[in-house]
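What follows is the residue order along each chain.
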Amino acid sequence: MKKIIIHIPELVTCAGTGPKHGKDMADAGIIKDGAVVVVDGKFAFVGTTDELKRVYEELDEEEVIDASGCAVIPGLVDSHTHFIFGGYRADEFSWRLKGDSYMSIMERGGGIASTMNATRGASEQELLETGKERLDRMLSYGITTVEGKSGYGMDYETELRMLRVMKKLNQEHPVDIVSTFLGPHAIPPEYAGRDREFIDFNLEEVMPKVKEEGLAEFADIFTEKGVFGIEDSRYYLQGAKKLGFRLKVHADEIVDLGGAGMAVEEGCQSADHLLMASDESIAKLAKGSTVATLLPATAFSLGAPYAKGREMIDSGCAVAIASDYNPGSCHTCSIPLIIAISCIYMHMTIEEVLNALTINGAAAVNRQDTVGSIEVGKKADLVILDKPSIHFLPYCTAMNIVKSVMKDGKFVF
Ligand code: NIG
Ligand code: FE
């Protein structure tokens, strides 16, 4: 049950109380010539190889992995995805390439509604199979914890089916899943023009069942012009909080409605997207405890301007980065791509990006005490790279340099 890894040229621990704000994000807790000991799925020692040799006299008898030439980072936490869905929307991607916009496709009844129809028509078995394939791919990029949202049912049965599928996958697949209820992802056709009634349907009929079955810890809403406004969003978030959910918001993605500021005021764990967030909202995020979750691959896929990652960190925000993997606005969970964009276009250092993908991602899903860093007592989730330094991560632009992945102390990739 014991595993020992020594001579890690850069052991990137990302240690520290999460979420890390502003300047604290510059420190990735790097130990040179590092070593870790894993016992029963948890880290039992984290330090230098020299220190380890002093405390572990029986080192010769154990199975020891020599990681010379290979940097080690914590298992990554992808804190915002929509990875359970039926159907694909490759056609919409091509329309957008010809000049169509995400919102105009949605207004014509495509977009989220199109995935809603496909997901309502998908069996539990189909959702399980595609979900498993997607989790396998995430693992290949070093993702060991993922948040997944419902929101492609927007009816009682399908919302529960999506969440039950995630619960099952969490039991069967090595990747840990944190589930979020996103009933108000759009207004389904049967509730057209009746936004408040649809929110009440979620709060009164669906969410109590979600709670009863323990299917989701978080509640989320798509706060956006033409979807749910600030007033409806506040009403939903306050109702969700009363039901015992922790809160998240899709905020200021396409239009600045002040969603990020609202997220801070309503005590949300995270405010996500933030492409258009105003300086005023950024200042609120910096002062509050809400994690600013940036989804640069979505901006990339939509050809939209990137969130102000550099400015947010300089203002003192706790920034997390996630994929937003979904069938529409961002059909990728490519961590190498996300790292490249974050460094090159959001002007973040690789140390900041790693903190954003680990300890701050963990904080965005309330898992900062168990995952997100390599520290004694935490789950032994780590990624071995096939290069000696984290500086190869942005440099090997959009190429995957993951050599192997350990989850709960076991090599799973
Ligand atoms: O985070 N913006 C709203 N929700 C998703 C997209 C969902 C979809 O297009 O299917 C997002 O980008
Ligand atoms: Fe999203």
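Notes on the structure in this doc start here. (Residues numbered from 1 in each chain as written. Chains lettered and ligands numbered in written order. Predicted model: local features only at pLDDT ≥ 70, side-chain atom pairs only at ≥ 80, totals over all residues. Heavy atoms only, no water.)

1. So, the site of ligand 1
Where we set the bar: Being near a molecule or strand, for a residue, comes down to having at least one heavy atom within 4 Å of it. Each polar contact in these results corresponds to two N or O atoms within 3.5 Å; when the atoms are within protein, one needs to be able to donate a hydrogen and the other to accept it, and residues that are neighboring in sequence are counted only if both atoms are side-chain atoms. The accessible surface values rely on the Shrake-Rupley method and a 1.4 Å probe; as for residues, cover is taken only from the protein chains in view. Any residue with an atom within 4 Å of a point lines the site, the site being either a cavity, points on a 1 Å grid over the protein atoms alone where a 1.4 Å probe fits but cannot get out, or a pocket, an open set with protein on both sides within 12 Å along at least 5 of 7 lines. Those molecules having more than half of their atoms within 2 Å of a cavity or pocket grid point set are described as sitting in that cavity or pocket. Under the grouping applied here, Gly and all other residues not named as nonpolar or charged are polar, the nonpolar ones being Ala, Val, Leu, Ile, Met, Phe, Trp, Tyr, Cys and Pro and the charged ones Asp, Glu, Lys and Arg.
Residues in contact with ligand 1 amount to 15 residues; listed here are only the nearest, Arg 89, Tyr 102, Tyr 152, His 273 and Ser 329. Take His 82: an N or O atom from its side chain is 3.3 Å from an oxygen atom of ligand 1. Measuring from an oxygen atom of ligand 1, one finds a side-chain N or O atom of Tyr 152 at 2.6 Å. Contact with the protein chains hides 100% of the accessible area of ligand 1, taken as 330 Å² for the molecule alone. Placement of ligand 1 is best described as lying within the second largest cavity. When its residues are assigned to classes, the shell around ligand 1 shows four nonpolar, eight polar and three charged.

2. A few points about helix H8 (residues 230–242)
What counts here: Secondary structure elements are defined from DSSP: runs of H or I of at least 4 residues count as helices, runs of E of at least 2 residues count as strands, and each element is numbered from the N terminus. Expected helix span is given by 1.5 Å per residue-to-residue step, counting one fewer step than there are residues. Contacts: residue pairs with any heavy atoms within 4.5 Å of one another.
Its 13 residues place the ends of H8 18 Å apart at the C-alpha level, agreeing with the 18 Å of an ideal helix rising 1.5 Å per residue. Where H8 is buried, its residues contact strand S8 (176–181), helix H7 (195–212), strand S9 (218–219), strand S10 (246–251) and helix H9 (259–265). Immediately downstream of H8, the backbone of Gly 244 shows phi near 100°, a positive value.

3. Description of the packing of helix H13 (residues 335–344) against helix H14 (residues 350–357)
Two quantities define a packed helix pair, namely the angle between the helix axes and the distance between the axes. Condition: In this description, a line fitted to the C-alpha atoms serves as the axis of each element, helices being fitted only across the stretch in contact, and the angle between N-to-C directions of two axes falls anywhere from 0 to 180 degrees. Every angle not falling under 35 degrees, over 145, or within 65 to 115 is termed oblique; those three ranges are roughly parallel, roughly antiparallel and roughly perpendicular. Definitions for this section: a left-handed crossing has its near helix turned counterclockwise from the far helix by less than a right angle. A right-handed crossing has that turn clockwise.
At a closest axis distance of 10 Å, the pairing of H13 and H14 adopts a crossing angle of 130°. When the axes of H13 and H14 are compared, the pair comes out oblique. Read as a crossing pair, H13 and H14 show a hand that is right-handed. Here Ile 335, Ile 339, Ser 342 and Cys 343 of H13 come into contact with H14, specifically with Ile 350, Val 353 and Leu 357.

4. Some thoughts on the environment of Ala 219
Here is the rule we go by: Using a 1.4 Å probe on the protein chains alone, a residue whose accessible area is under 20% of its type maximum counts as buried, one over 50% counts as exposed, and one in between counts as partly exposed.
Secondary-structure assignment places Ala 219 in strand S9. Relative accessible area serves as the criterion here: at 0%, Ala 219 is assigned to the buried category. Placed 37 residues apart in sequence, Ala 219 and Leu 182 show a C-alpha to C-alpha distance of 6.0 Å. Setting aside its immediate chain neighbours within four residues, Ala 219 contacts Thr 180, Phe 181, Met 207, Tyr 236, Ala 240, Phe 245, Arg 246, Leu 247 and Lys 248.

5. So, the environment of Ala 186
The topology assignment puts Ala 186 in the loop between S8 and H7. Apart from residues no more than four positions distant in its own chain, Ala 186 is found in contact with Met 106, Ile 112, Met 154, Phe 198, Val 227 and Phe 228.

6. Examining the packing of aromatic side chains
In plain terms, the rule: Under the pairing criterion, centres of Phe, Tyr and Trp rings, with the six-membered ring standing for Trp, must be within 6.5 Å; the plane angle then separates stacked pairs below 30 degrees from edge-to-face pairs above 60, leaving the rest tilted.
Overall, the coordinates contain nine aromatic pairs when judged by the stated rule. Taking the centre distance of 5.4 Å and the plane angle of 15° together, the rings of Tyr 306 and Tyr 345 count as stacked. In this pair, Tyr 306 sits in the loop between helix H11 (296–302) and helix H12 (309–315) while Tyr 345 sits in the loop between H13 and H14, placing the two residues 39 residues apart along the sequence. Three or more aromatic residues joined by ring pairs make a cluster, and in this case those are Tyr 191, Phe 198, Phe 201 and Phe 228.

7. Considering the sheet that holds strand S7 (residues 143–149)
Selection criterion: Strand pairing is assigned whenever DSSP detects at least two bridges linking the two strands.
In spatial order, the strands read S6-S7-S8-S9-S10-S11-S12-S13; together these eight strands make up an open sheet with parallel pairing. Unpaired on one side and paired on the other, strand S6 (76–78) and strand S13 (319–321) mark the two borders of the sheet. Taken together, the three bridges between S6 and S7 define a ladder with parallel strand orientation. What sits directly across from Leu 76, in S7, is Ile 143. Sheet strands in contact with helix H5 (residues 124–140) are S7 and S8, and its direction is about 140° off that of S7.

8. Considering the side chain of Ser 404
The topology assignment puts Ser 404 in strand S15 (residues 402–407). Relative accessible area serves as the criterion here: at 13%, Ser 404 is assigned to the buried category. Residues within four places of Ser 404 in sequence aside, it is in contact with Leu 382, Val 383, Ile 384, Phe 411 and Phe 413.

9. A word on the coordination of the iron ion (ligand 2)
For a metal with four tetrahedral donors the ideal donor-metal-donor angle is 109.5 degrees, whereas six octahedral donors ideally subtend 90 or 180 degrees. So the rule is basically this: Listed donor atoms are N, O and S within 2.8 Å of the metal (Na, K and Ca: 3.2 Å). As water is not included, a site may look incomplete.
Looking at the iron ion (ligand 2), the protein donor atoms are His 80 (NE2), His 82 (NE2), His 250 (NE2) and Asp 324 (OD), and they sit 2.0 to 2.3 Å from it. Taken in sequence order, the residues that donate to the iron ion (ligand 2) follow the motif H-x1-H-x167-H-x73-D. A residue pair is termed long-range when its members are at least 10 positions apart, and His 82 in the loop between S6 and helix H2 (90–97) and Asp 324 in the loop between S13 and H13 qualify at 242 residues. Assigned by exposure class, His 82 and Asp 324 land together as buried.

10. Thoughts on the nonpolar core
Inclusion rule: We define a nonpolar core as any set of buried Ala, Val, Leu, Ile, Met, Phe, Trp, Tyr and Cys residues linked to one another through side-chain atoms lying within 4.5 Å. Here the bounds of each domain stem from an automatic or database domain assignment.
Ranked by size, the top nonpolar core spans 101 residues in total, and within it Phe 83 and Leu 274 carry the most contacts. For this core, the leading source of residues is H7, giving seven residues. Mapped onto the domain boundaries, this core takes at least three residues apiece from domain 1 (2–74 + 373–411) and domain 2 (76–364). Sequence-distant contacts of Leu 274, that is, excluding residues within four places in its chain, are made with Ala 251, Asp 252, Ala 260, Leu 285, Ala 292, Thr 293, Leu 294, Ala 307 and Met 312. Within the second largest apolar cluster, 14 residues are counted, among which are Ile 5, Val 38, Val 72 and Ala 380.

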